[in-house]
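Structural overview for review
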Amino acid sequence: MFLGTPWYWWMVVVAVLIISVPLKMKFMKWWNKRQQEKKESRQGKWGDEE
């Protein structure tokens, strides 16, 4: 097949990509939310005020 690999390996690769994209988006939303909470919790403490 394409690049010497059978068709079912390409199906596995496509399935992994389809599953990983929404998981990455969910992780990025969680990470941004976590960073924002950390930033807000630091505000108002001595030596860290802007």
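Note: the structure precedes this text.
What this report covers is the structure whose coordinates are included nearby. (Residues numbered from 1 in each chain as written. Predicted model: local features only at pLDDT ≥ 70, side-chain atom pairs only at ≥ 80, totals over all residues. Heavy atoms only, no water.)

So, the overall build of the chain
Going by this rule: Only DSSP runs of H or I covering at least 4 residues are called helices, and only runs of E covering at least 2 are called strands; the numbering of each starts at the N terminus. Type-normalised accessible area, obtained with a 1.4 Å probe on protein chains alone, sets the label of each residue: buried when under 20%, exposed when over 50%, and partly exposed for intermediate values. Computed by Shrake-Rupley with a 1.4 Å probe, the accessible areas treat only the displayed protein chains as cover when residues are assessed.
From N to C terminus, the chain includes one helix and zero strands. For the chain, with 50 residues in total, the buried portion stands at 0%. For the chain, the accessible area works out to roughly 5,300 Å², and carbon and sulfur atoms hold 67% of it.

What about the packing of aromatic side chains?
Two aromatic rings are characterised by how far apart their centres lie and by the angle between their planes. Defined as follows: Stacked, edge-to-face and tilted are the three classes for Phe, Tyr and Trp ring pairs, Trp counted by its six-membered ring, which pair at centre distances within 6.5 Å; planes under 30 degrees apart are stacked, over 60 edge-to-face, the rest tilted.
One pass over the full model with this rule turns up five aromatic pairs. Centre to centre, the rings of phenylalanine 27 and tryptophan 31 are 6.1 Å apart; their planes meet at 25°, and the pair counts as stacked. Of this pair, phenylalanine 27 and tryptophan 31 both sit in helix α1 (residues 7-42), four residues apart, which is roughly one turn of that helix. Of the residues examined, phenylalanine 27 reaches a relative accessible area of 43% and is grouped as partly exposed. A relative accessible area of 33% means that tryptophan 31 is categorised as partly exposed. An aromatic cluster is present here, built from Trp7, Tyr8 and Trp9 joined pairwise through their rings.

Side note on a nonpolar patch on the surface
The cut-off we apply is this: Residues enter patches when they are more than 30% accessible in relative terms and free of salt bridges; like-charged ones are connected within 9 Å and nonpolar ones (Val, Leu, Ile, Met, Phe, Trp, Tyr) within 5 Å. Between Lys or Arg on one side and Asp or Glu on the other, a salt bridge is scored when a side-chain nitrogen of the former is within 4 Å of a carboxyl oxygen of the latter.
Residues Trp7, Tyr8, Trp9, Met11, Val12 and Val16 make up a contiguous nonpolar surface patch of roughly 680 Å² in combined accessible area. Following the sequence through the fold, tryptophan 9 ends up in helix α1. With relative accessibility at 48%, the residue tryptophan 9 sits in the partly exposed group.

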